[in-house]
Amino acid sequence: PHILVLHGPNLNLLGQREPAHYGHSTLADIDAKLVAMANAWGWALSSLQSNAEHQLIDAVQLAPKQGVTNIIINPAAFTHTSVALRDALSAVAIPFIEVHLSNIHAREPFRQYSYFSDMAQGVIAGLGADGYFLALEAIYRRFSRPD
Ligand code: DQA
């Protein structure tokens, strides 16, 4: 397994940005813990944060060439706007889990629609940084389970 973790716009500010919604962990903390989990299983995990839609799209387009088997994505504000990023995930057909730190369903109406959820294997929202770890754990359980 090779996991790609994608973080959308403004998530570089995690830890300082609206901690009531997004918690105190920094993105570096989260990525380091994800890498440690993956490495303990002998898996590869790479992550990218970008404020630019095209960089996230480019990363998705490259993923099949890099042997990425699963994507964990927090599209951040692009959740609610980006048909283009959705189309990229649809094009590569790599299974993905959608993660949000905050419970988007308990916030403003404009956050309640996601362009990604109907295509995602699963969606985790409202559990803070744990959402990323639970997503990775879910992928681990899927790979460990004979089917
Ligand atoms: C977010 C929720 C989005 O509505 C928001 O634009 C973000 C972060 C979350 O992780 O809770 O930037 O995806």
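The model shown is predicted, which means the values in this text are computed figures rather than measured ones.

### A short note on the sheet that holds strand 2 (residues 44–49)
With parallel pairing, five strands are arranged side by side in an open sheet as 2-1-3-4-5. The strands lining the two open edges of the sheet, one partner per strand, are strand 2 and strand 5 (122–125). Taken over all neighbouring pairs, the strand axes of this sheet differ in orientation by 15° on average, direction set aside. Judged from the three bridges that link them, strand 3 (residues 70–74) and strand 4 (residues 96–100) form a sheet pairing that is parallel. Note that in strand 4 the partner of I72 across the bridge is I97.

### Brief notes about the UniProt feature "active site" (unreviewed entry) in the protein
Per the UniProt record, "active site" (unreviewed entry) is found at Y22 and H100. A maximum C-alpha distance of 9.0 Å among these annotated residues, which run over 79 residues, shows that they cluster at one spot. Position of Y22 among the secondary structure elements: in helix 1 (residues 19–22). For Y22, the contacting residues outside a window of four places in its chain are L14, R17, L101 and S102. Within the fold, H100 resides in strand 4.

### As for the UniProt feature "site: Transition state stabilizer" (unreviewed entry) in the protein
Here the UniProt-annotated "site: Transition state stabilizer" (unreviewed entry) positions come out as R17. On the secondary structure map, R17 appears in the loop between strand 1 (2–7) and helix 1. Those residues in contact with R17, other than ones at most four positions away along the chain, are N10 and Y22.

### Some points on the site of the ligand
Taken together, N10, N74, A76, A77, T79, H100, L101, S102, I104 and R111 make up the full set of residues adjacent to the ligand. Here the shell around the ligand is composed, by residue class, of four nonpolar, five polar and one charged.

### Comments concerning unusual backbone geometry
A negative phi angle characterises most non-glycine residues, just as the trans form characterises most peptide bonds. For E18, which is not a glycine, the phi torsion comes out positive at approximately 35°. Assignment of secondary structure puts E18 in the loop between strand 1 and helix 1. We note that A76 has phi near 50°; this positive angle belongs to a residue other than glycine. Turning to its location among the elements, A76 is positioned in the loop between strand 3 and helix 4 (83–92).

### Section: the packing of helix 2 (residues 27–40) against helix 5 (residues 130–144)
One can describe the packing of helix 2 onto helix 5 by two numbers: an axis separation of 10 Å at closest approach and a directional angle of 20°. By the angle class used here, helix 2 and helix 5 are roughly parallel. Helix 5 is crossed by helix 2, and the crossing has right-handed handedness. Counted together, I30, K33, L34, M37 and A38 of helix 2 and Y132, F133 and L136 of helix 5 form the full contact between these two elements. Across the contact of helix 2 with helix 5, the residue classes break down as seven nonpolar, no polar and one charged.

What counts and what doesn't
- Residues numbered from 1 in each chain as written.
- Predicted model: local features only at pLDDT ≥ 70, side-chain atom pairs only at ≥ 80, totals over all residues.
- Pairing = 2+ DSSP bridges.
- Helix = DSSP H or I, 4+ residues; strand = E, 2+ residues; numbered from the N terminus.
- Axes fitted to C-alpha atoms, helices over the stretch in contact; angles between N-to-C directions.
- UniProt positions renumbered as here; feature names shortened; annotations may be inferred.
- Contact = placed C-beta atoms within 7 Å.
- Near = placed C-beta within 6 Å.
- Nonpolar A, V, L, I, M, F, W, Y, C, P; charged D, E, K, R; others polar.
- Parallel < 35°, antiparallel > 145°, perpendicular 65-115°, else oblique.
- Left-handed = near helix turned anticlockwise from the far one by under 90°.

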